[in-house]
Amino acid sequence: MSPRRLDFPATGRNQEAIAGVLERFFDPSRKLDVLEIASGSGQHSAYFSQRFPLWRFQPSDLDPAHLESIEAYREEVGGENFAAPLPLDVMETPWNVPVGFGAIFAINLIHISPWECTEKLFAGARRHISPGGAVYLYGAFFRDGVTTAPSNLAFDESLRRRDAHWGVRRLEDVESIAAGHGFTLERLEEMPANNLSVLWRLS
C-alpha cells in the first residue's frame, strides 16, 4: 500500500452498507455529479466510483494528509468519474468548488465539527446544488420519541470529551437548519451500529 494512502477501518466497514442505501436513494442507471465533503482517506470515493460508474465523484477535504491520501486512491483506482480532490473548508464562504452538483454527500461529518458547521453545510449546499438536488448525511443522531442506544450516548460523551463543540446531533435540529435553506427531509433509513442515512431534497 502506498505510504500516502490512509486506511480508516470504520470507512471500510460501512462502505458496503452505505452503497446499498445510495442505490435506493438515487438511480444508479442515471448520471449524477456528487460533491463529497470531508472525504477523509478517500476510501469512500474510491469504492463508490467503481460501484456507480455513471456517477462522477468530486472528493474534498480540509486536511492536507487526507487530500494526499485521496489522490493516492485516485491514482490506484483510476476512472474518469473519480476527480482530483479539492481543498474545502465547509466553514468558509464561499466554497472554492464548482456549482451544479446533483448531490452532496457528507459522511460522519456533523458530529465531529462545531454545530455552526451544520448550518454552513446546508448554506453552501444551497449555493452549489442544482434545483432538485439532494444532501445525503450518514452518522449517529438523536431523535425525539426514539430511545437512544447506549452506544450513541457513550459516543456522544466521548466526542464531547475530545472537543466540547462536537457531539451527536438531534435530527430535528438538523432538519430545522436544512428547512431554513430550502431543503425538505425526504428519506431516512436506519443503518448498522445505530447510525442513520438521511436525505434532504432542495425544494
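Each chain carries its own residue numbering, running from 1 in the direction its sequence is written. This being a predicted model, a pLDDT of at least 70 is required before a residue's local features are given, and a value of 80 or more before pairs of side-chain atoms are given or counted; all residues contribute to the totals for chains, interfaces and linings. The basis for every side-chain value is the complete set of heavy atoms in the structure, and neither hydrogens nor water enter the calculation.

### With respect to the side chain of threonine 11
Inclusion rule: The secondary structure listing takes helices from DSSP runs of H or I that are at least 4 residues long and strands from runs of E that are at least 2 residues long, numbered from the N terminus. Note on classification: 1.4 Å probe, protein chains only; a residue is buried when its accessible area is under 20% of the maximum for its type, exposed when over 50%, partly exposed between these limits.
Within the secondary structure, threonine 11 sits in helix α1 (residues 9-25). A relative accessible area of 14% places threonine 11 in the buried class.

### Considerations on the environment of methionine 191
We count it as follows: Throughout, a residue-residue contact means that at least one pair of heavy atoms, one from each residue, lies within 4.5 Å.
Along the chain, the position of methionine 191 falls in strand β8 (residues 183-191). Once the C-alpha coordinates of methionine 191 and asparagine 14 are considered, the two residues, 177 residues apart in sequence, prove to be 9.2 Å apart. Residues contacting methionine 191, with those up to four places away along its chain left out, are Ala17, Ile18, Val21, Tyr138, Leu196 and Ser197.

### What to know about the layout of surface pockets
How we decide: We place a 1 Å grid over just the protein atoms. Points where a 1.4 Å probe fits but has no way out form a cavity, open points with protein on both sides within 12 Å along at least 5 of 7 lines form a pocket, and any residue with an atom within 4 Å of a point lines it. Grid points are joined across faces, edges and corners, and a volume is the space filled by probe spheres set on the points. Residues are grouped as follows: Ala, Val, Leu, Ile, Met, Phe, Trp, Tyr, Cys and Pro are nonpolar; Asp, Glu, Lys and Arg are charged; every other residue, Gly included, is polar.
Here the largest pocket defines a volume of roughly 1,000 Å³. Around the largest pocket, the lining is made up of 41 residues, and of these Ile107, Asn108, Leu109, His111 and Ile112 lie nearest the centre. Mapped onto the lining of the largest pocket, the elements with two or more residues apiece are α1, β1 (32-37), α2 (43-51) and α5 (150-162). In terms of residue count, the dominant contributor to the lining of the largest pocket is α1 (5 residues). Class assignment of the residues belonging to the lining of the largest pocket gives a composition of 21 nonpolar, 14 polar and 6 charged.

### A few points about the nonpolar core
The following threshold applies: Nonpolar core, defined: a set of buried Ala, Val, Leu, Ile, Met, Phe, Trp, Tyr and Cys residues in which side-chain atoms within 4.5 Å join the residues together.
Formed by 27 residues in total, the largest nonpolar core has its most connected members in Ile37, Trp95, Leu121, Phe122, Leu137, Phe183 and Trp200. Only β1, β4 (101-107), α4 (115-128), β5 (129-139), α6 (171-180) and β9 (195-202) provide two or more residues apiece to this core. Residues within four places of phenylalanine 122 in sequence aside, it is in contact with Val135, Leu137, Val174, Ile177, Ala178, His181, Phe183 and Trp200.

### With respect to α2
Buried within α2 we find Gln43, His44, Ser45, Ala46, Phe48 and Ser49. For α2, the elements touching its buried residues are α1, β1, β2 (55-61), α3 (64-77) and β4.

### Observations regarding the packing of α1 against α2
The test is simple: Only the contacting stretch of a helix is used when fitting its axis, a line to C-alpha atoms as for every element, and angles between N-to-C directions run 0 to 180 degrees. These descriptions rest on fixed angle ranges, namely under 35 degrees for roughly parallel, over 145 for roughly antiparallel, 65 to 115 for roughly perpendicular, and the rest for oblique. For any helix crossing, the convention is left-handed if the near helix is rotated counterclockwise from the far helix by under a right angle, and right-handed if that rotation is clockwise.
With their axes 10 Å apart at the nearest point, α1 and α2 run at an angle of 40 degrees to one another. It follows that α1 is oblique to α2 by the angle criterion. When the axes of α1 and α2 are compared, the crossing they make is right-handed. Within the contact between the two elements, α1 uses Thr11, Gly12, Asn14, Gln15, Glu16, Ile18, Ala19, Gly20, Leu22 and Glu23 and α2 uses Gln43, His44, Tyr47, Phe48 and Arg51.

### Details of the pattern of salt bridges
Condition: Here, a salt bridge means any Lys or Arg side-chain nitrogen found within 4 Å of an Asp or Glu carboxyl oxygen.
All told, the structure shown has 14 salt bridges when counted by the stated rule. Here glutamate 190 ties to arginine 143 by a salt bridge, and the two come within 3.0 Å at their closest N and O atoms. One end of the pair, glutamate 190, is in strand β8; the other, arginine 143, is in the loop between β6 (141-142) and α5, and 47 residues separate them in sequence. The class of glutamate 190 is exposed, set by a relative accessible area of 58%. In this structure, arginine 170 and aspartate 144 form a salt bridge, with 2.5 Å as the shortest nitrogen-oxygen distance. Of this pair, arginine 170 sits in strand β7 (residues 169-170) while aspartate 144 is found in the loop between β6 and α5, placing the two residues 26 residues apart along the sequence. Via salt bridges that share partners, Asp144, Arg170, Glu172 and Asp173 belong to a single interconnected network.

### Here we look at the pairing of β4
Put simply, the rule reads: Two strands are counted as paired when DSSP detects at least two bridges linking them.
Within β4, 6 of the 7 residues are buried, which leaves it mostly tucked inside the rest of the structure. Pairing geometry for β1 and β4, over 4 bridges, is parallel. Across the sheet, glutamate 36 pairs through a bridge with phenylalanine 105, a residue of β4.

### Section: the sheet that holds β9
Here 7 strands make up an open sheet; going across it, the order is β3-β2-β1-β4-β5-β9-β8 and the pairing mixed. A strand with exactly one partner marks an edge of an open sheet, and here the two such strands are β3 (86-87) and β8.

### A look at the packing of aromatic side chains
Rules: Only the six-membered ring of Trp is used, alongside the rings of Phe and Tyr, when aromatic pairs are assigned; centres must lie within 6.5 Å, and planes under 30 degrees apart are stacked while those over 60 apart are edge-to-face, with the rest tilted.
Scanning all chains against the criterion turns up 11 aromatic pairs. Taking the centre distance of 4.1 Å and the plane angle of 20 degrees together, the rings of phenylalanine 52 and tryptophan 55 count as stacked.

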